[in-house]
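Geometric and topological summary
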Amino acid sequence: MDSFLKPETSISYDAGLYRRIGQNLDMRIAVNYINTSNYYVTNTTSPYYSGSYAYQIEGVKFYGTELEFNWKATEKLIFFGNYSYQNNAYSLGEEFPYPMLLNLPPKNKGKLSIRYTLPFKTRLSSDVIIYGERLSEGGYTLDGYATADLSLERNFAGRMMASFYINNLTGTEYQQVYGYPSPGVTWGVRLKISTARNIFSQ
Amino acid sequence: MYRLILLLFCLLCPAAWAEDASDGSSTGDKAPPGESAQTLEVGPQGDESRPREKAKLTIAPQTVVVTAGFQAGAVALEPTKTVIDLTQFESSGSVDRVEDVLKHMSGIDVIQTTGGADPQQMVMMRGFDDSRFQVAINGRPITAPTAGADTFVDWSSLTTGDIERIEVIRGSASARYENSVGGIINIITKKGRREGSSVPRASADVTYSSFNSLNTRGTVNGGVGQLGYFISFGNRTSDGFLRNNYFEGQDYSGRLDYALPGGGSLSSSYKRNELEHGYPVVNDPNSAFSDYNPDYPIVFEDADSLRMGRLVSHPGGKSYKIKKATHLDFSYDQPIKNTHLSLKVFRDWGSEDSYSYQRSGAGLAQAFSGRGDRKEKTFGVMFDYQLNLWARHSLAIGYSHRRMGVENTPDIYRIQGAYIEDQYAVNNKLTLNMGIRFMHVREQSYAYSDPGSSFKYRHLFHPKEWLPKFTATYRFNPETEIYASVNRDYHVPGC
């Protein structure tokens, strides 16, 4: 039997600028607009709708922007950061189930990484990621949140590396998926040894 | 198994250390800033099996328009691509799987119920779920729309022990890739080190973290004559943060590269992952079915069950999945004068047995899915021929074919694609990338009903789509570049 479903196709428009400033800073900014026709929605039995189903949304428009930069501020201090905004628009008759995948990612997301080389072959790293609010499969709103991670690593003669890290330094309470709390402060220790002089080459 | 390999590593250590000390070829320094970025490939395929210098010279070098950023730390930016060097990427946390890297990238969202290895998790790119962007290993796709295990990509199987770098390519500008409206994540695996000494290099890596989580990994890397080899093995266990959210798994991977005369190579790689993962169960004081345990965090009765909307699991029964995934690849690459021939043959297979104890009427019942319904198989071939015969043109033609199915529903997909792509350097500043891909898909889906109906039937698709691609890139000077791109793409529907 032939399907009533039509092929899902997209026309995407991208534009961007790459710029290098001096020898130690470069950045990239891009915008995108994607027009998707006949977007497929398929699902199996769920708490929200009984029975497997498949249907299509005639048109979904995705649009967003991305910004990234990479900056070697000094020989010892490196930053990497980015920000992205992503959204979509569509219309759907009330007779259709909620297309859960379209709203799971946050509209806004930002990140900043810092790598700082300390004396005695030690490096301090930190990653801060900020997430905007998002929706759940059932349409609930999950609040935005930010997490900060920190680590300290020590390199021994290029052949051994030991590190200690703490994730979610501030103990932020959040849910990435509705119903499941994420852990508060967590920690870890790592030891890596290599027969190569440059442990990173392995 | 992994303990045995770790023991072998320990035995190898003294000889290898002594060799390396007298070797002198390794300076102990990381690659000079910019060096790695400057040798990145022009083409989007990102096939590491090609010699880098060759790949850089896609078009006559005086006309090629490529602005590759310097590399600060592990990340290099390009106009449409972000490249992460895994040999230098050290997050301030555990880096065990690809998603541990991707969550740091713009436009990518990693959605997890827990922080550990979870086959059910999802990655979204530019707002598209992972059935709508392409994940590739060395340029060949691994995204499996059969979704025989409720997943298009088993992210838990993509461990980083054998990965050299990850390319995050935005948009669907390449005619070489199918089903990439959200973009492409191309994983480049490590090759054996043939230069210098024949004594292998080895490494061992141990991480212990919260919730009694332990990750161990060992690698061996070396070469004998024209043959290079790389072997990686890892093990991970955790009690998990949530109730019943433990996991235990192993991965094994290996790659052989044999250098042929004239710069060609024969390669073979194998990657296998096995994981037992406990579903987090309901732990809700307001639920009559959760047998609430205050020692664990609360998990709601109406919690999401990410991805396919299945019912959440409850304590009292079996609630876990056993997931296995294997990738096997053979490739042949050969430069022939000003052309380059590439041929790939690959197989993927995997399985999932899933047990959940879930609501059924007024009570709870044990549910199971697996065996033949959840055993996926993929077979594919890819051919690519790049011709650099003209001063301002680099022309690529290619063909790919994949067949996919599950054991109880074979031959669900036949996906064929043929393409031609020309990179035309109009002058020293302007480059046009023009391509077209023809896709012919034959799909016979699993049985679905229409909304509001209980009658299920399989959908038969056989679309033929022409997918034109166009990108114009203008470089004002070596530091500034702009681009604009218009592309059409087709989404291979998930089952």
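Attention here is on the structure that accompanies the text. (Residues numbered from 1 in each chain as written. Chains lettered and ligands numbered in written order. Predicted model: local features only at pLDDT ≥ 70, side-chain atom pairs only at ≥ 80, totals over all residues.)

What about the overall build of chain A?
Using the following cut-off: For the purposes of this entry, the term helix denotes a DSSP run of H or I that reaches at least four residues, the term strand denotes a run of E that reaches at least two, and both are numbered from the N terminus. Each residue is classed by its C-beta neighbour count within 10 Å, where at least 20 other C-beta atoms makes it buried, 12 or fewer makes it exposed, and intermediate counts make it partly exposed; the C-beta atoms are placed from backbone geometry. Whether two residues are in contact depends on their C-beta atoms, placed from the backbone: they are in contact if these lie within 7 Å.
What chain A contains, in helices and strands, is 0 helices and 13 strands. For chain A, the succession of helices and strands along the chain, N to C, is β-β-β-β-β-β-β-β-β-β-β-β-β. Every one of the 202 residues in chain A was classed for burial, and the buried ones make up 39%. At a minimum sequence separation of 6, the contacts of chain A that also span at least 24 residues come to 46%.

Brief notes about the overall build of chain B
Counting its regular elements, chain B contains 4 helices and 24 strands. Looking at the 495 residues of chain B, the share that counts as buried comes to 55%. Here the analysis covers contacts within chain B between residues at least 6 apart in sequence; of these, 64% occur between residues at least 24 apart.

Description of the interface of chain A and chain B
The test is simple: Gly counts as polar in this scheme, as do all residues outside two lists: the nonpolar Ala, Val, Leu, Ile, Met, Phe, Trp, Tyr, Cys and Pro, and the charged Asp, Glu, Lys and Arg. Paired strands, in this sense, are two strands between which DSSP finds at least two bridges.
Chain A puts 100 residues into the contact, and the matching count from chain B is 98 residues. The greatest single-element share of the side of chain A that touches chain B, amounting to 13 residues, is contributed by strand 1 (residues 8-21) of chain A. Of the residues contributing to the side of chain A that touches chain B, the split by class is 41 nonpolar, 38 polar and 21 charged. As judged from the 7 bridges shared by strand 13 (residues 186-194) of chain A and strand 10 (residues 201-209) of chain B, these two strands associate in the antiparallel manner. Paired with Leu191 of chain A across the bridge in strand 10 of chain B is Val206 of chain B.

Concerning the nonpolar core
All names here are of chain B. Here is the rule: Joining buried Ala, Val, Leu, Ile, Met, Phe, Trp, Tyr and Cys residues through C-beta atoms within 7 Å gives a set, and that set is a nonpolar core.
Ile166 and Ile187 are the most contacted members of the largest nonpolar core, which has 75 residues in total. Excluding residues within four positions of it along the chain, Ile166 makes contact with Ile84, Leu86, Val98, Val101, Ile185 and Ile187. With 6 residues, the next largest nonpolar core counts Ala202, Val220, Ile231 and Phe233 among its residues.

Description of unusual backbone geometry
Peptide bonds are trans in most cases, and residues, glycine excluded, mostly fall at negative phi. At Asn38 of chain A, a residue that is not glycine, the phi angle is positive and equals roughly 60°. With respect to the secondary-structure elements, Asn38 of chain A resides in strand 2 (residues 25-43). Looking at Asn38 of chain A, the number of C-beta atoms within 10 Å reads 17, which means it is partly exposed. Although it is not a glycine, Asn138 of chain B adopts a positive phi angle of roughly 50°. On the neighbour-count criterion, Asn138 of chain B (21 C-beta atoms within 10 Å) is buried.

A few points about the environment of Gln416 of chain B
Residue and element names in this part refer to chain B. The residue Gln416 is located in strand 20 (residues 409-425) in this model. C-beta crowding within 10 Å serves as the criterion here: with 16 such atoms nearby, Gln416 is assigned to the partly exposed category. Through-space distance from the C-alpha of Gln416 to that of Arg442 is 8.7 Å; in sequence the pair is 26 residues apart. The residues touching Gln416, leaving out its near neighbours within four places in the chain, are His401 and His440.

Details of the environment of Ser91 of chain A
Relative to the elements of secondary structure, Ser91 of chain A occurs in the loop between strand 4 (77-90) and strand 5 (108-118). Linking Ser91 of chain A and Gly59 of chain A, residues 32 residues apart in sequence, is a C-alpha distance of 7.7 Å.

Section: the pairing of strand 13 of chain A
Pairing of strand 10 (residues 160-167) of chain A with strand 13 of chain A involves 8 bridges; the strand directions are antiparallel. The partner of Phe164 of chain A across the bridge, within strand 13 of chain A, is Val189 of chain A.

What to know about the environment of Glu301 of chain B
Residues and elements named next belong to chain B. Position of Glu301 relative to the elements: it lies in the loop between strand 14 (265-278) and strand 15 (320-336). When the C-alpha positions of Glu301 and Ser313 are compared, they lie 9.0 Å apart, and in sequence the two are 12 residues distant. Residue contacts for Glu301: discarding those within four places in its chain leaves Val282, Asp284, Ser287 and Ser290.

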